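# Structural characterization, general
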2 protein chains.
Amino acid sequence: MGGDEAPRAVVAGAVEASRRGVPVVLVGDHDRIAPLLPRASGVEIVHAPDAVAMGDEAATVRRRADVSIRVAMRLVERGEATGVVSCGHTGAVVVAAALDLGILDGVERPAIATLLPRADGGRLVLLDAGANVDCRPELLACFALLGAAYAEQLGVEDPRVGLLSIGEEDSKGNAQVRASLPLLRALPLRVVGNVEPGAAMMGACDVLVCDGFVGNVLLKAAEGAVGVVVQMLREEISRRPSARLGAWLIEGALRRFRRRVAWDVQGGALLLGTRGVVVVGHGRANPRAVAAAIQLAADASSAGLVTALRDKLGSRAGIA
Amino acid sequence: MGGDEAPRAVVAGAVEASRRGVPVVLVGDHDRIAPLLPRASGVEIVHAPDAVAMGDEAATVRRRADVSIRVAMRLVERGEATGVVSCGHTGAVVVAAALDLGILDGVERPAIATLLPRADGGRLVLLDAGANVDCRPELLACFALLGAAYAEQLGVEDPRVGLLSIGEEDSKGNAQVRASLPLLRALPLRVVGNVEPGAAMMGACDVLVCDGFVGNVLLKAAEGAVGVVVQMLREEISRRPSARLGAWLIEGALRRFRRRVAWDVQGGALLLGTRGVVVVGHGRANPRAVAAAIQLAADASSAGLVTALRDKLGSRAGIA
């Protein structure tokens, strides 16, 4: 029931994912979902009488056990589904996940981890990308552990962990950053210190830790800037016939380029630290993005992400 | 004496600006600057025995009256210069400006205002872009007044003021944003509410208000993302001969495009709210960027920016 074009975009994305072989259960208002489903789509519906609106306070979810996101979480908790995908209210997803799935030992609060393409060809794990908008330093240390474990799970050996700041010297940053850096340095991790957004995107670290408000701003600023740049490039190209011919010749390059910079090609980001796979999709997700988010959840389940994170956190806690 | 390549890049930029007709005084270590100046450059040197290092705490500038940035501020205060440009320690520039120039009535703390290109062809005034890393809600309200006055000075009538957040609903954002929105709404300004980074870049507002840490992250994330994107586009184009031919044909378009997205083409950003023109340059500024920053300061002086801001703030304070 979440997202700007709900439930239409979500239903269409679920149908697409189902066609690709991922079994999908839609949780929400049966009467609104059923008419949108094609015959024999293979997509199940589990009815939930209530849904979170974008303007709701996340905390209200605590006393609304029948809201669709909580019904979905309980399907995973009971083993009837292996992961949850939502394009709705991020705060509500986090509260519901903590309530109904629970969080891993050693994790104080779950965090949203987004993968950004880096100029050096690698991927940057950015967290928290929006689950926790006001973080104490201890939370940032927790995100560092989660992010490093996720990067390892992605195949990065001894990942370099950076703390997002606006200068690389230890003295740079706001009060939160200055208080967090010593805590990160005390962890059994390879902490490279304060890292600026541009340096991180160039490849200065594998994991970039920040509070959820700042991380979400970073992500949306990067998306926004790329959008503006692509639009300006199109405008400049359309001005002259020779440039249009040139654009035709580089079409393949532009297409590959757009695929590489499509930050939302994954359709969503993983919520790390909960006892089950949770993917937070973009509120503006189209059907293709919804299908990609569902695939991300399915892949994370098959790869045993939750177990791997639990084991890695456990062993680090032992060392720390 | 400030910036990664100081004093070389700063001296070369000053010489370039001077050639273009802007009289420049360099403030710093005479023995290090003089050998870098060509004969008859027309650039003066005022010796300052001390300089702020990037790792210094900004507050140390209070008791270091002979540090180059403070000597430069006093030249303006005494009317021997009309503006200060620095590519050095931003925090030190802000402290020195407040100490030696003073701040305008009704301004609690000065803020750095950066202009970003918008997809709709307009310009976005983003502030604070890095002067104040921990802001109370009252400071954000002060930035809204400063930013609106600056936008008006740039020719925008009744500028739309947005508060940077991670969702447009009033309930979205961190504690700082939620506490600030009512204060902004109470000002005699056209406040459009919470605005996400991407929406602002598309044209949802003329002035985007945020705290200096978040604003600096936004700016550097946008710069970084554009840098990654341009590099990826180059890589894709260089893969195939036909794409290289195409790239040759769109060369003019790419050049205009790069000019439009060169966020640092201005070389610096204005510090608003002080009793004198102050431009904060990029730490990585090359000579061309330094010359552009000097030109920005000269233009702001000629346009009477400080007087205009003072008058606009005064009249708004009367209404408020």
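All values derive from a computational prediction rather than experimental measurement. (Residues numbered from 1 in each chain as written. Chains lettered and ligands numbered in written order. Predicted model: local features only at pLDDT ≥ 70, side-chain atom pairs only at ≥ 80, totals over all residues.)

On to the overall build of chain A, then. Tallying secondary structure elements over chain A gives 12 helices and 10 strands in all. Computed over its C-alpha atoms, the radius of gyration of chain A comes to 20 Å, within 12% of the 20 Å expected for a compact globule of 320 residues. Principal-axis analysis of the C-alpha atoms places the extent of chain A at approximately 65 × 60 × 35 Å. By the burial criterion, 55% of the 320 residues in chain A qualify as buried. Here the contacts in chain A between residues at least 6 apart in sequence split such that 68% fall between residues at least 24 apart. (Helix = DSSP H or I, 4+ residues; strand = E, 2+ residues; numbered from the N terminus. Rg over C-alpha atoms; globule rule 2.2 N^0.38 Å. Buried ≥ 20, exposed ≤ 12 C-beta atoms within 10 Å, placed from the backbone. Contact = placed C-beta atoms within 7 Å.)

Turning to the domain arrangement of chain A, a few remarks are in order. For chain A, the assigned domains are domain 1 (8-107 + 273-303) and domain 2 (111-264). Classifying every residue of the side of domain 1 of chain A that touches domain 2 of chain A gives 4 nonpolar, 3 polar and no charged. (Domains from an automatic or database assignment. Nonpolar A, V, L, I, M, F, W, Y, C, P; charged D, E, K, R; others polar.)

Below, the discussion takes up the interface of chain A and chain B. Opposite the 53 residues of chain A that make contact, chain B presents 54 residues. When residues of the side of chain A that touches chain B are traced back to their parent elements, those giving at least two are α7 (197-202), α8 (212-238), α9 (241-249) and α10 (251-261) of chain A. For the side of chain A that touches chain B, a count of residues per class yields 30 nonpolar, 13 polar and 10 charged.

Before going further, it helps to spend a moment on the sheet that holds strand β5 (residues 123-127) of chain B. Residue and element names in this part refer to chain B. Spatially, the 8 strands line up as an open sheet ordered β3-β10-β9-β4-β5-β8-β6-β7, and their pairing is mixed. Pairing within the sheet leaves two strands with one partner each, and these edge strands are β3 (83-86) and β7 (190-195). The average angle at which neighbouring strand axes cross in this sheet is 30°, direction not considered. Pairing geometry for β3 and strand β10 (residues 277-281), over 4 bridges, is parallel. In the sheet register, S86 faces β10, and the bridge partner there is V280. Along the sheet face, helix α11 (residues 287-302) touches β3, β9 (268-272) and β10 and points at about 160° away from the line of β10. (Pairing = 2+ DSSP bridges. Axes fitted to C-alpha atoms, helices over the stretch in contact; angles between N-to-C directions.)

If you look at the biggest cluster of nonpolar residues, it comprises 232 residues, and the most contacted ones within it are V209 of chain A together with V209 of chain B. Once residues within four sequence positions are removed from consideration, V209 of chain A is found in contact with L127, L140, F143, A144, G147, V161, G162, L163, L164 and L184 of chain A. (Core = buried A, V, L, I, M, F, W, Y, C linked by C-beta atoms within 7 Å.)

All names here are of chain A. Along the chain, G147 falls in helix α5 (residues 137-153). Along the sequence, G147 and A111 sit 36 residues apart, while their C-alpha atoms lie 8.9 Å from each other. Those residues in contact with G147 that lie beyond four places of it in its chain are A113, V125, L127, V161, V207 and V209.

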